[in-house]
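Structural description and commentary
Here's the letter readout for the chains.
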Amino acid sequence: MTPASRPANVRRVMPVPSALACVRCRARYPIDHYAQDCPACRAGGAPANLTVAYDAVPGADTDRGAVRLDRGSMWRWQDFLHARAADAVTLGEGNTPLLPAPSLGLGDVWIKDESRNPTWSFKDRLASGALTTARRFGAKVIASSSSGNAGAAAAAYAAKAGIPCVVFTFVGSAGPLVLQMRAYGAMVVKVADKADRWRLQTLGVREFGWYPTSPFFGPVVGSNPYGMEGYKTIAYEIAEAFDWQPPDWCVLPVCYGDALYGMWKGFEELKALGWIDRVPRFVAAEVSGSLVAAIEGGDALPPESPRNTPSIATSIGALQGTVQALDVLRKSNGAAVTIGDDDLRRWVLTLAAKEGLWPEASSAAPFAAIERLRGDGTIKPDERCVALLTAAGLKDPGPIEQAPPEPPLVSGGLRELMAALKNSYGFHG
Ligand SMILES: Cc1ncc(COP(=O)(O)O)c(C=O)c1O
Ligand SMILES: [Zn+2]
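As the structure is a computational prediction, the values presented were derived from the model and not from experiment. (Residues numbered from 1 in each chain as written. Chains lettered and ligands numbered in written order. Predicted model: local features only at pLDDT ≥ 70, side-chain atom pairs only at ≥ 80, totals over all residues.)

**A closer look at the sheet that holds strand E7 (residues 165–170)**
Sheet architecture is open: 4 strands sit in the order E8-E7-E6-E9, paired in parallel fashion. Where the open sheet ends on each side, the last strands, each with one partner, are strand E8 (187–191) and strand E9 (211–212). Bridge count between E7 and E8: 5 bridges; the pairing is parallel. Bridge pairing links Thr169 to Lys190 in E8. Sheet strands in contact with helix H4 (residues 149–161) are strand E6 (142–145) and E7, and its direction is about 165° off that of E7. (Pairing = 2+ DSSP bridges. Helix = DSSP H or I, 4+ residues; strand = E, 2+ residues; numbered from the N terminus. Contact = placed C-beta atoms within 7 Å. Axes fitted to C-alpha atoms, helices over the stretch in contact; angles between N-to-C directions.)

Right, dumping it as structure tokens:
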């Protein structure tokens, strides 16, 4: 029976998580195995994350027209997710704008502006997905190792769920982001040595059963599988906005590849239902070079790629990519591009001045990647790209603070004002 012809009194079939499956070898583990990776793949030298598997095909019984009507949060896609909207820990995340960006000179490019989420980053979808399951499993404490957006989002959603939250950061983390965590009442703990964050979080998880939303052991595999389900909704929203004609390319700033994997999985699910006829190709815009090296070398595990100086895109500054990210690039016939600081700064300023969107430095990486790939012919002139703008510029104002000119100090009258505008901005009235 088609969803449209179903009588009102027949219960819809909602998929329920039946296992956590390895993203690489598909081995299945119990649904409470969320604080571990796949032991088989780790033993084989290519540690891999787990992803939620369902007892029925997600969305198989869904009327896509009805999904469109409810704009309350990403949980309007509950038929594809691991919990019902009524049980979700939500702050109204998702349903972010998809904006054309004709002034960038990059061709047919659209911006999925995730800075409009409740804590001003895409990590809200991860936190909503993870905290919903934390509450269901009766978690007593949430734990996150993040100096950035993931920690801020975990803190906010833990506050909403009424569960205490410990966030491990390190000395020298960006001020606004740590302030955000404190504002939501998280217990923020600083460490001097970055490695101590994971060591301490591991102790909390293994000794006390704290519920992890972030990675906390290496080689890193990615984040909490229930959190990653939230990223599928970015794919659904994009497909829906383009009337089920997906773009040719999706381009993301990538660190652990959680969003990359989640979006790819979302498009794959829509394709399995026949709602779309193909899955976009994916581009990872990274700063380490780890995924680029793995693709070139045919590696099973992206290598560590140390840098001489840290990138200004601190949110995606990890030195090693993940198996889940590499897998998506290979399966989607995609690409990886390594982006440097000059390009990041230039694209932060360009996006703000030309499109009125101020991204965090890491969120400028997709635009530099599209520029590069249009330039070398990988992305064809007539192909459509969606760039994921993952977080807002106020979280990390450095690139604007350091950009000339310093605003002039003016006293006196109109003559002095016009002279200052001319000197500082080249404005002639
Ligand atoms: C603003 C921003 N963009 C991109 C990323 C990369 O996300 P992922 O780990 O899903 O690749 C992060 C966090 O890691 C981030 O904070
Ligand atoms: Zn495995």
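**Overview of the domain arrangement of the protein chain**
When the domains of the protein chain are assigned, the result is domain 1 (3–72), domain 2 (98–119 + 227–401), domain 3 (123–223) and domain 4 (403–429). Here domain 2 and domain 3 have C-alpha centroids that lie 24 Å from each other. Taken together, the 26 residues of domain 2 in the interface contact 23 residues of domain 3. When residues of the side of domain 2 that touches domain 3 are traced back to their parent elements, those giving at least two are helix H7 (225–229), helix H8 (232–241), helix H9 (258–273) and helix H11 (323–331). Ranked by the residues each element gives to the side of domain 2 that touches domain 3, the list is headed by H7, at 3 residues. Class assignment for the residues of the side of domain 2 that touches domain 3 results in 11 nonpolar, 11 polar and 4 charged. (Domains from an automatic or database assignment. Nonpolar A, V, L, I, M, F, W, Y, C, P; charged D, E, K, R; others polar.)

**So, the site of ligand 1**
Taken together, 19 residues lie near ligand 1, and Tyr256, Asp258, Ser315, Thr390 and Ala391 sit nearest. For the shell around ligand 1, the secondary-structure elements that each account for two or more residues are H4 and H9. A per-element tally of the shell around ligand 1 places H9 first, with 3 residues. Two domains each put at least three residues into the shell around ligand 1: domain 2 (98–119 + 227–401) and domain 3 (123–223). (Near = placed C-beta within 6 Å.)

**Remarks on the packing of helix H10 (residues 290–297) against H11**
Taken N-terminus to C-terminus, the directions of H10 and H11 make an angle of 55°; their axes are 11 Å apart at the nearest point. Considering the angle they form, H10 stands oblique to H11. Where H10 crosses over H11, the two elements pack in a sense that is right-handed. For the pair H10 and H11, contact is made by Leu291, Ala294 and Ile295 and by Ala325, Leu326 and Leu329, respectively. (Parallel < 35°, antiparallel > 145°, perpendicular 65-115°, else oblique. Left-handed = near helix turned anticlockwise from the far one by under 90°.)

**Observations concerning the nonpolar core**
Within soluble globular proteins, side chains that are nonpolar generally end up buried alongside one another. Leu260, Ala284 and Ala285 are the most contacted members of the largest nonpolar core, which totals 117 residues. Tallying contributions element by element places H4 first for this core, with 8 residues. (Core = buried A, V, L, I, M, F, W, Y, C linked by C-beta atoms within 7 Å. Buried ≥ 20, exposed ≤ 12 C-beta atoms within 10 Å, placed from the backbone.)

**Topic: H9**
Given a rise of 1.5 Å per residue, 16 residues ought to cover 22 Å, and the 23 Å separating the end C-alpha atoms of H9 matches this to within 8%. In terms of residue burial, H9 counts as a mostly covered element, since 12 of its 16 residues are buried. Two residues or fewer after H9 comes Gly274, characterised by a positive phi angle close to 80°. (Expected span 1.5 Å × (residues − 1).)

**Overview of the environment of Thr338**
Tracing the chain through its elements places Thr338 in strand E12 (residues 335–338). Residue Thr338 is classed as buried on the basis of its C-beta count, with 21 C-beta atoms lying within 10 Å. The sequence separation of Thr338 and Ser311 amounts to 27 residues, and the corresponding C-alpha distance is 11 Å. With residues near it in sequence (within four places) discarded, Thr338 still touches Glu286, Val287, Gly289 and Val292.

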